[in-house]
Amino acid sequence: AVVSTQSAHYGRGESMKTRQEIQRKLKLQKKKEEAAKIEVDRKKQEQETKAISRAQRVRKTQSDDKGKGKAIDELRAKREAHKAKLKTNTDGKRSPEPKALLKTKDVYTDDEDDDDKSLSSSPSPDSDDESDRAPSPQIVRNISTKEQLSKLRLSRFKLEKWVHLPFFKSLVCGCFIRIGIGDKLGKKIYRVAEIYDVVETPKIYTLGNIKTNKGLKVRHGIAENMYRLEFVSNQDFTDSEFMKWKTTIEQNNLKFPTVKYVDTKAKAIKDAIDHEYTNEEIDQIVKEKEKFRKNPRNFAAKKSNILAQKGLAEAVGDFAEVEKLKADLEDLETDADRLSKVRNKSLTAISYINDKNRIRTSVRIEEVLRDEYAAEKDRAPNPFQRRKTVSSVVTPNYQMDDEKTKTAELLKKLAEEREKQKRKKSRLRPCVDTTA
């Protein structure tokens, strides 16, 4: 009975192991099927993307072929007109020397590149025997990586540094920025955008340490909008942002920047960083900054400049300009007085408080001295107290006279000090009332 029980337990354990092994194999097979399905979907998506790109290239090639066919027809008409002109010129003149006729293969070829060459060079009557073919064109390569596009990226720091340059518009147009377009679920959203224009906005805003009113017109694919420079990011493009921009360009059949254009524009950016400004450019930058400044840095220099312009206008006889400069001068003096009052208001209040505290301290010192003197006079003599050993004539009458003299001098000094404080207080009161 014991042996049969052990064999039953053993058989049950073997069946459990077999069942677990089967379940493990089924799970593994299911994972493999899911992976194979994901791989099939990925290949299918890649094939669809390639098919779309191929269809776009076919449409582009067909449109190019139509344009080339039209150009060939125009070239054939020019050839016929040239031959007719040569025939009319031979009437009544010495027959010209025979020239080598153009072969058909020199003008019409099956190669698309030769069609472009024949269109780029038009025949001249003086050189009919020369070949119409131009040098083979260079292969145009478009950018395909984020690193290539990052060469044209402008940060907010660079825009802040260049915003007042005279050539700011020509420098930034054609470059790319990482622009913030809003928030989604508490996360900021950025897009890769190309700058195509610079405009002035009605709002003057702060950009770093400067003020400006310029805005950037940008486009992402076919979507266009205007943003202030303060929304430009200082960080580089992310991979997802670059792929989003690339997909948008392909879906709208737009052209990517070429490698040659990227290199040329990157060189222009580098030259702008190392640019040495001329005196005229510096004057324009200063003028641009002064346009957004509310008050001048130096009122005296500004006033001197206005007076010089006023004298020049009076010498020329431009009275309208003289009146305008007078109004500017009055406004400048008004602003200077207003700022002076604002600056001196705190100083006047502080001076008044200091004088008031000084008077209160003097009164307290006088009271303390009087109390100490009275206490010293009423105090009983202490034979064990350390006394000063200054020699003096010990006579009762002299000591009393000396004490009276010291008391009179002390009271006289206190009276003089009180009189001085009253005079200062009387001088400060009108100033305090005006500021209040």
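Details of the structure are given in the entry above.
The numbering scheme is per chain: residues are counted from 1 as the chain's sequence reads. At least 70 in pLDDT is required for a residue's local features to be given in this predicted model, at least 80 for side-chain atom pairs to be given and counted, and no such filter applies to totals for whole chains, interfaces and linings, which use all residues. Side-chain calculation: all heavy atoms of the structure are included, whereas hydrogens and water are not.

**As for helix H7 (residues 239-251)**
Its 13 residues place the ends of H7 18 Å apart at the C-alpha level, agreeing with the 18 Å of an ideal helix rising 1.5 Å per residue. For every residue, the accessible area obtained with a 1.4 Å probe (protein chains only) is divided by the maximum for its type, and the residue is called buried under 20%, exposed over 50%, and partly exposed between those limits. Secondary structure follows DSSP: runs of H or I at least 4 residues long count as helices, runs of E at least 2 residues long count as strands, and numbering of each begins at the N terminus. Burial in H7 covers these residues: Glu241, Phe242, Trp245, Thr248 and Ile249. For H7, the angular spread of the buried residues around the axis is 130 degrees, confining them to a single face. Away from its buried face by more than 90 degrees, H7 exposes Asp239, Ser240 and Gln251. Note on definitions: a residue-residue contact is assigned when non-hydrogen atoms from the two residues lie within 4.5 Å. Buried positions along H7 lie against helix H4 (146-150), strand E1 (176-184), strand E2 (187-207) and strand E3 (210-220). Just downstream of H7 lies Asn253, where phi reads positive at about 55 degrees. The length a helix should cover is 1.5 Å for every residue beyond the first. Relevant arc is that of directions from the helix axis to the C-beta atoms, nothing else.

**Points about unusual backbone geometry**
Phi at Leu185 takes a positive value of approximately 55 degrees, unusual for a residue other than glycine. Structurally, Leu185 can be placed in the loop between E1 and E2. Owing to a relative accessible area of 86%, Leu185 belongs among the exposed residues under this scheme. Backbone geometry at Asn253 places phi at a positive 55 degrees, although glycine is not the residue there. In this structure, Asn253 sits in the loop between H7 and helix H8 (259-273).

**Quick notes on the pattern of salt bridges**
The salt bridge criterion pairs a side-chain nitrogen of Lys or Arg with a carboxyl oxygen of Asp or Glu, the two atoms within 4 Å. Scanning the model with the defined rule gives 17 salt bridges in all. Linking Lys151 and Asp263 is a salt bridge whose minimum nitrogen-to-oxygen distance equals 4.0 Å. Taken together, the residues Lys151 in the loop between H4 and helix H5 (156-162) and Asp263 in helix H8 connect sequence positions 112 residues apart. As a salt-bridge pair, Arg358 and Asp355 come within 2.6 Å of each other at their nearest N and O atoms. Here Asp355 and Arg358 lie together in helix H11 (residues 319-378), a separation of three residues that amounts to about one turn. You can call Arg358 partly exposed: its relative accessible area is 40%.

**Here's the deal with the nonpolar core**
For this analysis, a nonpolar core means a set of buried residues of the types Ala, Val, Leu, Ile, Met, Phe, Trp, Tyr and Cys, connected via side-chain atoms within 4.5 Å. Among the nonpolar cores identified, the biggest contains 25 residues, and Leu154, Leu159, Trp162, Phe168, Ile177, Leu216 and Leu229 are the most heavily contacted of them. With five residues, E2 is the largest single contributor of residues to this core. Discounting chain neighbours no more than four positions away, the residues touching Leu216 are Leu159, Phe168, Ile177, Ile195, Asp197, Val198, Asn225, Met226, Tyr227, Leu229 and Val232. Counting residues in each nonpolar core, the second largest holds 12 residues, with Leu149, Val192, Phe237 and Val259 among its members.

**Some points on H8**
Taking 1.5 Å as the rise per residue, H8 with 15 residues should run 21 Å; its terminal C-alpha atoms sit 21 Å apart, in good agreement. Among all positions of H8, only Val259, Val262, Lys265, Ile269 and Ala272 are buried. Angular distribution of buried residues about the axis of H8 spans 140 degrees; they occupy a single face of the element. Projecting away from the buried face of H8 at angles above 90 degrees are the exposed residues Lys260, Thr264, Lys267 and Lys270. For H8, the secondary structure elements touched by its buried residues are H4, H5 and helix H6 (168-172).

**Quick notes on the sheet that holds E1**
When DSSP finds at least two bridges between two strands, those strands are taken to pair. A sheet is described by the order of its strands in space; here four strands give the open sequence E1-E2-E3-E4, paired in antiparallel fashion. Both edges of this open sheet fall to E1 and strand E4 (223-228), since each of them pairs with a single strand only. In this sheet, neighbouring strand axes are inclined to one another by 45 degrees on average, regardless of whether the strands run parallel or antiparallel. Looking at chain direction, E2 and E3 are connected through nine bridges and run antiparallel. Bridge pairing in E3 places Asp197 opposite Lys217. Simply put, an axis is a line fit to the C-alpha atoms, just over the touching stretch for a helix, and the angle between two N-to-C directions goes from 0 to 180 degrees. Strands in contact with H7 are E1, E2 and E3; relative to E2, the strand with the most contacts, it is inclined by about 85 degrees.

**Some details on the side chain of Arg178**
Within the secondary structure, Arg178 is located in strand E1. When its relative accessible area of 9% is taken as the criterion, Arg178 is described as buried. Two N or O atoms form a polar contact when they lie within 3.5 Å of each other; inside protein one atom must be a possible hydrogen donor and the other a possible acceptor, and for residues adjacent in sequence the pair counts only when both atoms belong to side chains. In terms of polar contacts, Arg178 uses its side chain to reach the side chain of Glu241, at 2.9 Å. For Arg178, the residues in contact, after removing those within four places along its chain, are Tyr190, Arg191, Phe231, Val232, Ser233, Gln235, Asp236, Phe237, Thr238 and Glu241.

**Some remarks on the pairing of E2**
Strand direction decides the pairing type here: E1 and E2, joined by eight bridges, are antiparallel. What sits directly across from Arg178, in E2, is Val192. Between the antiparallel neighbours E1 and E2 lie two residues, among them Leu185 with a positive phi of about 55 degrees. What sits between E2 and E3 in their antiparallel hairpin is a turn of two residues, with Gly208 showing a positive phi close to 70 degrees.

**Describing the environment of Asp197**
Within the secondary structure, Asp197 sits in strand E2. The spatial distance from the C-alpha of Asp197 to the C-alpha of Val172 is 8.3 Å, given a sequence separation of 25 residues. With sequence-adjacent residues up to four places away left out, Asp197 is seen in contact with Lys169, Cys173, Gly215, Leu216 and Lys217. Polar side-chain contacts of Asp197 include one of 3.2 Å to the side chain of Lys169.

Spatial relationships are all this shows, so hold off on functional conclusions.
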